[in-house]
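Spelled out from the first residue to the last, the chains are:
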Amino acid sequence: AMADDAKPDAKTLQALRDAANRLRIHSIRATCASSSGHPTSCCSAAEIMSVLFFHTMRYKRTDPQHPDNDRFVLSKGHAAPVLYAAWAEVGDISESDLLNLRKIHCDLEGHPTPRLPFVDVATGSLGQGLGAACGMAYTGKYFDKASYRVFCLMGDGESSEGSVWEALAFASHYSLDNLVAVFDVNRLGQSGTAPLEHCTDIYQNRCEAFGWNTYIVDGHDVEALCQAFSQAAQVKNKPTAIVAKTFKGRGIPNIEDAENWHGKPVPKERAEAIIKLIQSQIQTQGNPISKPPVEDSPQISITNIQMTSPPAYKMGDKIATQKAYGLALAKLGHENKRVIVLDSDTKNPTFSEIFKKEHPERFIECFIPEQNMVSVALGCATRGRTIVFANTFSAFFTRAFDQIRMGAISQTNINLIGSHCGVSIGEDGPSQMALEDLAMFRSIPNCTVFYPSDALSTEHAVYLAANTKGMCFIRTSQPETEVIYTAQEKFEIGQAKVVLHSDNDKVTVIGAGITLHEALAAADNLSQQGIAIRVIDPFTIKPLDAATIISSAKATGGRVITVEDHHKEGGLGEAVCAAVSREPDILVHQLAVSGLPQSGKPGELLDMFGISAGHIVSAVRNILMN
């Protein structure tokens, strides 16, 4: 079969040329109908798409999400119309749908999203598709051990993004020979020429330097493309890059290879003449039929993972929540064989090395590039093949905010764990202190934000995250803190715990992580002065248990104090303020880290930045005096 792949007969080659021209016509029509879009970016990729969809890729046309299908990632997401056109030719989309491109009632958006069954990850923020393709290829090679292959179509402009090179390094390091990246080198970017223009040899040298098997082809020559894809399938232990020299707007007179046509439909008055010209080159009817996949991926189940034994902690044990996370993760790995962990060279301080020791074949060392780690995680999670946990210092997720945002648009189920949060890490200083991570993850749609305060609730957070749809973030702390819950305690998303209460509580204090323990210490101190306070552990910051907070506030005269190891903007305090904003007579006093922190001992820093037990005691007394 492979020999046929490399040298298709003349009839097949003509059919592939014709398919490419049909894709061009669809792309021109759809973008004209919506008066927006990127037809020139589609036209440069038409032959690449034709060869992939009607010759090279193996998949079930009627079941785009079948686990054994070859994967396709359109990293240059603005060329979405040519992808939709391919599926229109395959039969999954009607021609009338194509003409509703970019309209509000239609799933064919300006850039691909998984509202469509044939899209695994949302693209359009450039430079991210290859990282996700790496995750799919890693999963295929090492977890599914299956035959499916992964193809990623990249723009030449987006190869200026550093995340592309992070992904190139990752794929080569892990010998992802089931991965093919195609660079559509059409010379032009959005506002001018791409930096290397048509210097395909420089692309080749760079890809080869990154350890990729690389071919230069004429991207409009279907025979050369067939041969390159066929050769790629024979190469072992190396991913393949295909550097395709193309022309933007290929086949459109006066627009082909011309500047200032990016993201513009062809003029309406010229459209029919252009379409007629392209139609005149079509000699055959019907496209070649794609080959069915090899069905050899394992049947798996990743839902309803139970805790088969309760947490082994006793009240009063002292352990950091970030260590409890590592222990819980290793335990979870025994409950389900599809739990995998990604780490960014932080496995010892984040304690994910405990998982690595017990499940080495399910641990992916992503090294330091956090952006690529998040993209790989997104790829690993597609089609429900794995339960993904990815961890680093919480501060370093901020550099992957765009990847996280695109993950939300991809409707992903990944779990991200940020350790070393806040000033409580101490001596390492401000570059390592996450003080904006809650604000970031709270702003992500459909993201559940866990902030456990002891080892036992951390273990519950890990199990809940594994079973929760959408993205989850778990924030963990470095200092050792006391276990305050018993093994029988039940935890649920959106349910706070009232840790301390009495009938004559004067103020409600809400803390999380390290500050919950400071609040409990403050309560001790105040009780000796005859003042009782109520202490709440929110457990999840999003969704926040507004009902418990409001009822406690009302029981304590409307007096609330929030205290957090985070900046004021977007953190726990503002979440509480939003939750009580429609209630009359509740006043929230916020204690949070303000200004720029510095190195010091954790206790000294909690005190210096106003979130220690002493500051909580003062705040309670001030509120009661006023």
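These numbers come from a predicted model, not from an experiment.

Student: Where do I start with the domain arrangement of the protein chain in this structure?
Tutor: Often the size quoted for an interface is simply the accessible area lost on bringing the parts together. Domain annotation for the protein chain reports domain 1 (10-280), domain 2 (317-483) and domain 3 (497-625). Taken over C-alpha atoms, the centre of domain 1 sits 53 Å from the centre of domain 3.

Student: How do you make sense of empty space enclosed by the protein when you look at a structure like this?
Tutor: Using the criterion set out here, one finds six cavities of 30 Å³ or more in the structure. The computed volume of the largest cavity comes to approximately 100 Å³. Lining of the largest cavity is provided by F53, M57, Y59, P64, N69, D70, F72, L83, W87, F118, D120 and R383. The residue inventory of the lining of the largest cavity, partitioned by class, reads eight nonpolar, one polar and three charged.

Student: How do you make sense of the sheet that holds strand β1 (residues 71-74) when you look at a structure like this?
Tutor: What holds strands together in a sheet is hydrogen bonding between their backbones, with the strands either parallel or antiparallel. Read across the open sheet, the five strands follow the order β1-β2-β3-β5-β4; overall the sheet is parallel. Each end of this open sheet is capped by a strand with a single partner; those strands are β1 and β4 (213-218). Neighbour-to-neighbour, the strand axes of this sheet turn through a mean angle of 20°, independent of strand direction. In the sheet, strand β3 (residues 179-185) pairs with strand β5 (residues 240-245) via six bridges, with the strands oriented parallel. Across the sheet, the residue bridging to V185 is K245, located in β5. Its contacts with the sheet place helix α10 (residues 222-234) against β2 (150-155), β3, β4 and β5, and it is angled at close to 170° to β4.

Student: Sorry, what's going on with the pairing of β4 here?
Tutor: The side chains of a regular strand alternate, first on one face of the sheet and then on the other. Of the pairings in the sheet, the one linking β4 to β5 comprises six bridges and is parallel in character. Bridging from a neighbouring strand, V217 pairs with A244 of β5. Crossover connection from β4 via α10 to parallel β5: handedness right-handed.

Student: Which parts of the structure should I look at to understand the nonpolar core?
Tutor: Soluble globular proteins tend to bury their nonpolar side chains together. Core analysis: the biggest nonpolar cluster contains 77 residues, and L130, L179, L342, I364, I404 and F441 have the highest contact counts within it. Once you skip the residues sitting within four places of it in the chain, L342 turns out to touch I364, C366, M373, V376, A377, V388, F389, A390 and N391. Counting 59 residues, the second largest nonpolar core, distinct from the first, contains V462, A523, L591 and I611.

Student: Can you walk me through α10 in this structure?
Tutor: Residue pairs spaced three or four apart in an α-helix point in one direction, given the helix's 3.6 residues per turn. In this model, α10 (13 residues) spans 19 Å end to end at C-alpha, consistent with the 18 Å of a helix rising 1.5 Å per residue. Listed as buried for α10 are V222, A224, L225, C226, A228, F229, S230, A232 and A233. One side-chain oxygen at the N-terminal end of α10 lies 3.0 Å from the backbone nitrogen of E223; it belongs to D221.

Student: Explanation requested: the packing of aromatic side chains in the structure shown.
Tutor: Two descriptors summarise a pair of aromatic rings, namely the distance from one centre to the other and the angle between the planes of the rings. Throughout the structure, instances matching the rule amount to 21 aromatic pairs. Centre to centre, the rings of F151 and F229 are 5.8 Å apart; their planes meet at 80°, and the pair counts as edge-to-face. Here F151, found in strand β2, pairs with F229, found in helix α10; they are 78 residues apart in sequence, far enough to count as distant. Judged by relative accessible area, which is 2%, F151 ranks as buried. Of the residues examined, F229 reaches a relative accessible area of 3% and is grouped as buried. An aromatic cluster is present here, built from F53, Y59, F72, Y84, W87 and F118 joined pairwise through their rings. We note R71 situated over the ring of Y148; from NZ or CZ to the ring centre the distance is 3.7 Å. The side chain of K497 reaches across the aromatic face of F491, ending 4.8 Å from its centre.

Student: I'm lost on the packing of helix α2 (residues 10-34) against helix α5 (residues 80-90) in this one. Help?
Tutor: To describe two helices that pack against each other, one gives the angle between their axes and the distance between the axes. At their nearest, the axes of α2 and α5 sit 9 Å apart, and the two run at 120° to each other. Viewed along their axes, α2 and α5 adopt a mutual orientation that is oblique. The two elements α2 and α5 cross, and the hand of that crossing is right-handed. Contacts between α2 and α5 pair R22, L23, H26, S27 and T31 from the former with P81, V82, A85, A86 and E89 from the latter.

Quick notes on the rules
- Residues numbered from 1 in each chain as written.
- Predicted model: local features only at pLDDT ≥ 70, side-chain atom pairs only at ≥ 80, totals over all residues.
- Heavy atoms only, no water.
- Domains from an automatic or database assignment.
- 1 Å grid on protein atoms, 1.4 Å probe; cavity = no way out; pocket = protein on both sides within 12 Å on 5 of 7 lines; lining within 4 Å.
- Points joined across faces, edges and corners; volume = space filled by probe spheres on them.
- Nonpolar A, V, L, I, M, F, W, Y, C, P; charged D, E, K, R; others polar.
- Pairing = 2+ DSSP bridges.
- Helix = DSSP H or I, 4+ residues; strand = E, 2+ residues; numbered from the N terminus.
- Axes fitted to C-alpha atoms, helices over the stretch in contact; angles between N-to-C directions.
- Contact = heavy atoms within 4.5 Å.
- Right-handed = clockwise from strand over helix to strand, strands pointing away.
- Core = buried A, V, L, I, M, F, W, Y, C linked by side-chain atoms within 4.5 Å.
- Buried < 20%, exposed > 50% of the residue type's maximum accessible area, 1.4 Å probe, protein only.
- Expected span 1.5 Å × (residues − 1).
- Polar contact = N/O pair within 3.5 Å; in protein donor to acceptor, adjacent residues only side chain to side chain.
- Phe/Tyr/Trp six-rings, centres within 6.5 Å; stacked < 30°, edge-to-face > 60°.
- Lys NZ or Arg CZ within 6 Å of the ring centre and 35° of its normal.
- Parallel < 35°, antiparallel > 145°, perpendicular 65-115°, else oblique.
- Left-handed = near helix turned anticlockwise from the far one by under 90°.

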